[in-house]
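Letter by letter, the chains look like this.
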Amino acid sequence: MQRALRSIDAALLDAAAVLAAWGALLLAENVAVGFLWRRQFSGAWEFSVARHTVVPLAFVGLAPVALVVAGGWRALEKAAGSAGRGRRALLPLSLVVAAGAVAFGVSSGRHFANPAVRAGFVVLVAALGAGIGAVGAPRLGAWGRRPLLLAAFGLLLTTAAWLADAYVLPRLYPAFHWAMLGSTLFGAALVGLAFRRGGLPSWIERGVEAVVLVLLGMSCATAPRAVRALDRAANVRMALVEHAPLLGPAVTVIGRWRTPQDDDAAAQADARGAGKGGKSPDEAGEVARSLDWSGHDLLLISVDALRADHVSAYGYARATTPNLDALAREGTLFEHAYCPTPHTSYSLTSMLTGKYMRPLLALGLGADSETWPQALRRYGWRTAAFYPPAVFFIDEERFRSFEANKLGFEYAKVEFADPALRERQVGEYLDDAPAGTPLFLWVHLFEPHEPYVVHPDHVFHGGPSADVDAYDSEIAEDDDGIGALVRLVRARRPGTAVIVTADHGEEFGEHGGRYHGTTVYEEQVRVPVIVSGPGVRAGGRVDAAVETIDLFPTVLSALGMPRPARLRGRDLGPLLKAPAPAGEGGFAFAETDDYALLASGDDRLVCERRASACALYRPKEDPGELRDWANDDPDRARALRARLRAVERDQGRYEASGPAWPEALRRGMQGEADAALDSAALLDDADVRIRRKAAEVCFGLRAKETIPAVRRALARDEDDEVRRWTALALVRMGEAIAPRVDALLVDPQRDWRRRAALALGGRGEGRACDEIAAWWQDVVPASMAAGADGEPLRLGLDLPQAEDLLDATAKAKCRAAVPSLVRALDDVRARPFVADALGAIGDVRARRPLRAFLSAEPYVTALPHEARALLALGACDWSATSAPALVVKASLAAPGGAAPLRLLVLVSEADTMLQAAAGGVSLGDAPPGADLRVLSLPQPVAGRVELDLHATHGGVVAAWVLAAERLD
């Protein structure tokens, strides 16, 4: 008995030493994050918030882990000194299992990979783990008798793993980051154990144990207060999740259980008056008519993917837009105009209806909305539109009615066309237009949209990247087209009012991304708006925030037409007629799936919905939107948050069609994670219709905090549809799979079979694959060739649904779906996600089509996904055998034919500099900014390319030599 008590006492002392080391590590990380990313904090006091909230909570969470580590270390020490082979064999065996698990996670997630594709990689990593276990682990256990050596090794492991977690493959490969997190904690634990083995006096050991116990008790006692304080520290949460390898995961775990602060009371008080001038859309109402455009025609020009800060009139250093600049001099320019959603389909439909269409369509509302041309046609106007079919490319299913009636235009020319062709088409239309009838013309120009092409008449050099140079060339090309269109229309129809704007902007890595549709930072949602027409002040510049949905009510007012009750925008006529009054801050709202923006005055409130965190930016003082001002001005941040909540709560309130869902359900149907608990509470509602919708929302949100309410509904509700939804929702949230769910997989109704397949597939259940494969056959056309008008065919479901289905397909390893997924690669919207799924499934049939797309891919956002999928499938011309290589010297076979060759190199870190040479000829330096680099190759000698690659850090992962074909 005494021996057992001594053993327990020693284990507790070991655990106290480990926990003490971890506590020191947490504090050190707090300091490191505050120093390395200090620009994202308002001051040192925010580091203190993290130190007094997240550190104690993480300390409490790690306490039971410390007991496990201490016990494991004592077993390791015994094994190191044991002569028994069985005990020694457990060490390499355990590392084989751990290494294999990481290999599976890095390559394809937590489910078994296809052995034919992944066996080599997994065996290699497992063998490496076995070698470390057989050679290193016994020595490590023996180092318990050499504490200084053990401490040095632990410190080295901690530092290396922490740096790798922080800087290598950020936001990619969760298994890798979990492995680095475990290695960091293990290294720090070794430091603590080394001090225990260093022969310290017993009174010091007992003192450390007492201090740890006191701190643990205090942390437990203050945990509720710490959670509440963390709930108020949005900037701290955002910064830690982004940059802290230890504290970030702690914030994520805490966030799953905390209850967000309720802004409703503040919203009631402040939503209508928080804005430092300017009114929200619901306040706009009717205003006195400021402009009179009666008897004048109207030309609306929109440009795809044109960000405001690349227009010369907005201060861009390059002379990209002389024609827009001239239009701004004769009219008024809005400095801070915003699109409602940075996707073409949502943005243009919103502009032409005067509403925020994304939340409405998510609620199943708004499809009957009257458009700009429909309103004008009621008063005898002729209307004509010239736009590409890609206008409805994103979530096409939601826009069927708008696409079918051509957005309400009487005449529509729907095809891809360059500015010169558009000019001819508009001219031909004007030739036949009656002279005495007013005209509304809309032209949507497509050039700045990716892929970017350099136009011979507009060549730029020396920009941040070749893509930016090409993007500016596209803008200049469209500017020529804008000038030609304005001159043509005004020559035929003198006095025509002209409005020029864009559907969204474009990101070039400012916040870690590319393209558009992902965030609501300035580069993606701030667009130019320039208005020139009768009564508009010349050379005017408006500083207040406005929205593109404001253009519809502005034109109605200028033409003397009544404003429909369901419009959300406001009349900008007063700002076009005269300078804005002092204090006019304006208003703008924008959103994506994960982000929401409220702009007013100099303030931009950006909220990350899944983290339930908001940051307050002021672009005039901080153009990169890196510093959060919320802590400097908490009242302003709180008022803007309340106003944002009021805007989101009002979505759909003024629509005549559809059911009047409660606010919580409307928010949940739009994908707002904060609405999960409120939606789940409606599972007890007396109205079965509301209970059904609440259960469906829980199925979609998959928020684990709703599990108790969903369980109760499954057990108590008498309605079969509610029980079906709740059973499936619990499966999606990780609960046990009930027999009811298996029954739904063979239900007579196809929709229920598919929902069950989605839930089971997301859990990696292969029995869902037959239904999933049949689903893909239904939604992927038999031929994905382009249509007669040049528009690529698309999947028969919107993009969020496609991503959900792809996730289930990949996790369940549905090989039967591979033929359909290969055809689905032709949908450029879904191609990156389809490539990811094909790589995860691991079927070799995907190699050839993926390689064909990689050789011809014009979209830079899809290239890395195709490359990583091929790497997962083992289809590389060269790949690193274990860790990424800093230096690569390889001889690769070159494809035959006359097509030019290009080299694609996948690197482990996007910011590495890559120097490349082929056959002794330098290919130049591939600049940082992307993890896949594309370089042109000279013609090879004797059909082979002799490569010499050097990376400054990180390393080269894989390389391909491909013929630069074109996608047909």
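Before reading on, note that the structure itself is shown above.
All figures in this text were calculated on a predicted structure; none of them were measured in a lab.

S.K.: How would you summarise the side chain of Glu522 if you had to cite specific residues and measurements?
M.R.: When you line up the elements, Glu522 lands in helix H19 (residues 522-525). Residue classification places Glu522 among the buried positions, given a relative accessible area of 12%. Within the structure, the side chain of Glu522 is placed 2.8 Å from the side chain of Tyr338, a separation counted as a polar contact. In this structure Glu522 touches Tyr338, Arg604, Pro619 and Glu625, once residues within four positions along its chain are discounted.

S.K.: How would you explain the packing of helix H26 (residues 707-716) against helix H27 (residues 720-732) if you had to name every residue and give the values?
M.R.: The interhelical angle for the contact between H26 and H27, taken along N-to-C directions, is 140°, at an axis separation of 9 Å. For H26 against H27, the interelement crossing comes out left-handed. In this structure, H26 contributes Ile707, Val710, Arg711, Ala713 and Leu714 to the contact, and H27 contributes Arg723, Thr726, Ala727, Ala729 and Leu730. Along the lines of polarity and charge, the residues of the contact of H26 with H27 split into 7 nonpolar, 1 polar and 2 charged.

S.K.: Explain the pairing of strand S16 (residues 887-893) to me, and be specific about the residues and the numbers.
M.R.: Side chains of S16 alternate between two faces, with Val888, Ala890 and Leu892 buried and Val887, Lys889, Ser891 and Ala893 left unburied. With 7 bridges connecting them, S16 and strand S21 (residues 944-951) associate as antiparallel partners. Looking across to S21, one finds that Ala890 is bridged to Leu947.

S.K.: Explain the side chain of Thr726 residue by residue, including any values.
M.R.: If you trace the backbone, Thr726 turns up in helix H27. Overall, Thr726 belongs to the buried group, its relative accessible area being 1%. Within the structure, the side chain of Thr726 is placed 3.0 Å from the backbone oxygen of Arg723, a separation counted as a polar contact. In this structure Thr726 touches Leu683, Ala695, Val710, Ala713 and Leu714, once residues within four positions along its chain are discounted.

S.K.: Quick one: what's the story with the environment of Leu19, residue by residue and with numbers?
M.R.: Topologically, Leu19 is positioned in helix H1 (residues 2-36). The spacing of Leu19 and Ala188 is 169 residues in sequence and 9.3 Å in space, taken between C-alpha atoms. Once residues within four sequence positions are removed from consideration, Leu19 is found in contact with Phe59, Leu62, Ala63, Ala66, Val212 and Leu216.

S.K.: Residues and numbers for the pattern of salt bridges, please.
M.R.: Counted by the stated rule, this structure contains 47 salt bridges. Notably, a salt bridge pairs Asp593 with Arg358, separated by 2.5 Å at the nearest N-O pair. Here Asp593, found in the loop between strand S11 (588-591) and strand S12 (595-600), pairs with Arg358, found in helix H14 (residues 357-362); they are 235 residues apart in sequence, far enough to count as distant. Here Arg636 makes a salt bridge to Asp603, at a shortest N to O gap of 2.5 Å. On the criterion of sequence distance, the pair formed by Arg636 in helix H22 (residues 634-650) and Asp603 in strand S13 (residues 603-608) is long-range, its members being 33 residues apart. Both residues of the pair, Arg636 and Asp603, count as buried. One network of salt bridges, with partners in common, ties together Asp720, Arg723, Arg724, Arg740 and Asp747.

What counts and what doesn't
Residues numbered from 1 in each chain as written. Predicted model: local features only at pLDDT ≥ 70, side-chain atom pairs only at ≥ 80, totals over all residues. Heavy atoms only, no water. Helix = DSSP H or I, 4+ residues; strand = E, 2+ residues; numbered from the N terminus. Buried < 20%, exposed > 50% of the residue type's maximum accessible area, 1.4 Å probe, protein only. Polar contact = N/O pair within 3.5 Å; in protein donor to acceptor, adjacent residues only side chain to side chain. Contact = heavy atoms within 4.5 Å. Axes fitted to C-alpha atoms, helices over the stretch in contact; angles between N-to-C directions. Left-handed = near helix turned anticlockwise from the far one by under 90°. Nonpolar A, V, L, I, M, F, W, Y, C, P; charged D, E, K, R; others polar. Pairing = 2+ DSSP bridges. Salt bridge = Lys/Arg side-chain N within 4 Å of Asp/Glu carboxyl O.

Just distances and angles here, no functional claims.
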